[in-house]
Amino acid sequence: MLFQRNVLVFSLDQAKETIRQGGSALLVEGLLDVIQLHQAGFTNAVACLGTILSPLQLQLLQRHGTKQLLIALDGDSAGQSATERLLIQLLPQLSAGALGATVVPLPQGQDADGLLRSQGKAALDALLAGSRHWLEWRLERLLAPLAALNPGGEIPLEILQQVEREGQALIKQLSDGMLRRTAEQRLEQAFQSQGPEQPNPKPRAVAVPVPGGSRLRGGLRLAEQPGCSGRGWSH
């Protein structure tokens, strides 16, 4: 008989009662993570035996009462990328409200097992308390290329276009409602903040000689010199 890990959720038998009572499952990558978490009292911990949650695995979790996923994949770049792929995969359910999710921000380079061994249960409790709503996390990651540049630094057009494309693609996949409006507002604010500094939009008075010898204000008159107002990126 072939072992098919995409149809199994490791430790679901041990976690299902806690999941059913609380409605949430703590999702991690590896077997050692789950074992250490259960020993520390996080008895809703399960592992997807990799970085992909298959439709069958999700069905199993929901069948046992999972309404909220606490995603705590490894804190390295591979784990972050896997978290993003997982959220993209789950987007139809998340957008429709059929499933909730938050992302637990494990420290760079650490997994749940290593965190518990090095910093103890209190450290993970704090991270769980500060877990990010899945859309907040995705927007922060999407906008990270803009935030990574020095304040006042000019952002290459290629980066602006890439962020805009990815942002619009995300918005199109969100159902009408609060989540979509929130994403639109966050993206608009981010692009507005990257626009050039706005000079004074009001015309300013400059003194010029009056032709023909007529005088205003001691031989000078006021002429309007229009300012050059900058604009942020349109969407």
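None of the values given here were measured: they were computed from a predicted structure.

(A) The arrangement of the overall build of the protein in detail. Looking only at helices and strands, the protein has ten helices and seven strands in total. Split into buried and exposed, the 235 residues of the protein put 37% on the buried side. Residue pairs at least 24 apart in sequence account for 66% of intrachain contacts in the protein once pairs closer than 6 positions are excluded. When the accessible surface of the protein is summed, it comes to about 13800 Å², and 52% of that surface belongs to carbon and sulfur atoms.

(B) Spatial organisation of helix H4 (residues 77–96). In this model, H4 (20 residues) spans 28 Å end to end at C-alpha, consistent with the 28 Å of a helix rising 1.5 Å per residue. Regarding H4, the residues found buried are Gly79, Ala82, Thr83, Leu86, Leu87, Leu90, Leu91, Leu94 and Ser95. Directly beyond the C-terminal end of H4, a positive phi value near 85° is found at Gly97.

(C) Spatial organisation of helix H9 (residues 157–173). Across its 17 residues, H9 extends 25 Å between first and last C-alpha, which sits within 8% of the 24 Å expected from 1.5 Å per residue. Within the sequence span of H9, burial applies to Leu160, Val163, Gly167, Leu170 and Ile171. Buried residues along H9 cover an arc of 100° about the axis, so they all sit on one side. Away from the buried face of H9 by more than 90 degrees, exposed residues Glu158, Arg165 and Lys172 are located. Residues of H9 that are buried in the fold lie against H4, helix H7 (134–142), helix H8 (144–147) and helix H10 (178–193).

(D) Focus on the nonpolar core. Ranked by internal contacts, the top residues of the largest apolar core, which has 40 residues, are Val46, Leu53, Leu61, Leu69, Leu87 and Trp134. Counting residues per element, this core draws most heavily on H4, which supplies six residues. If near-sequence neighbours (up to four positions away) are discounted, Leu87 is found in contact with Ile71, Leu94, Ala101, Val103, Trp134, Trp137 and Arg138. Core analysis: the next-biggest nonpolar cluster, separate from the first, contains 18 residues, Leu70, Val104, Leu115 and Leu127 among them.

(E) A nonpolar patch on the surface, seen in detail. On the surface, Leu31, Leu32 and Ile35 cluster together into a nonpolar patch covering about 270 Å² of accessible area. Looking at the secondary structure, you find Leu31 in helix H2 (residues 31–39). With relative accessibility at 41%, the residue Leu31 sits in the partly exposed group.

(F) Structural view of the environment of Leu139. Note on placement: Leu139 falls in helix H7. Look at Leu139 and you get buried, because its relative accessible area is 4%. Here the alpha-carbon distance between Leu139 and Gly167, two residues 28 residues apart in the chain, equals 8.0 Å. Apart from residues lying up to four places away in sequence, Leu139 is in contact with Leu170, Ala183, Arg186 and Leu187.

(G) The pairing of strand S3 (residues 68–71), seen in detail. Bridge analysis of strand S1 (residues 24–28) against S3 gives four bridges, and the strand direction is parallel. Across the sheet, Ser24 pairs through a bridge with Gln68, a residue of S3. Two elements, S3 and strand S4 (residues 100–103), share four bridges in a ladder whose sense is parallel. Across the sheet, Leu69 pairs through a bridge with Ala101, a residue of S4. In terms of handedness, the path from S3 via H4 over to S4 forms a crossover that is right-handed.

Parameters at a glance
- Residues numbered from 1 in each chain as written.
- Predicted model: local features only at pLDDT ≥ 70, side-chain atom pairs only at ≥ 80, totals over all residues.
- Heavy atoms only, no water.
- Helix = DSSP H or I, 4+ residues; strand = E, 2+ residues; numbered from the N terminus.
- Buried < 20%, exposed > 50% of the residue type's maximum accessible area, 1.4 Å probe, protein only.
- Contact = heavy atoms within 4.5 Å.
- Areas by Shrake-Rupley, 256 points an atom, 1.4 Å probe, with all protein chains shown as cover.
- Expected span 1.5 Å × (residues − 1).
- Arc of directions from axis to C-beta.
- Core = buried A, V, L, I, M, F, W, Y, C linked by side-chain atoms within 4.5 Å.
- Patch = residues over 30% accessible without salt bridge, like charges linked within 9 Å, V, L, I, M, F, W, Y side chains within 5 Å.
- Salt bridge = Lys/Arg side-chain N within 4 Å of Asp/Glu carboxyl O.
- Pairing = 2+ DSSP bridges.
- Right-handed = clockwise from strand over helix to strand, strands pointing away.

None of this, on its own, says anything about what the molecule does.
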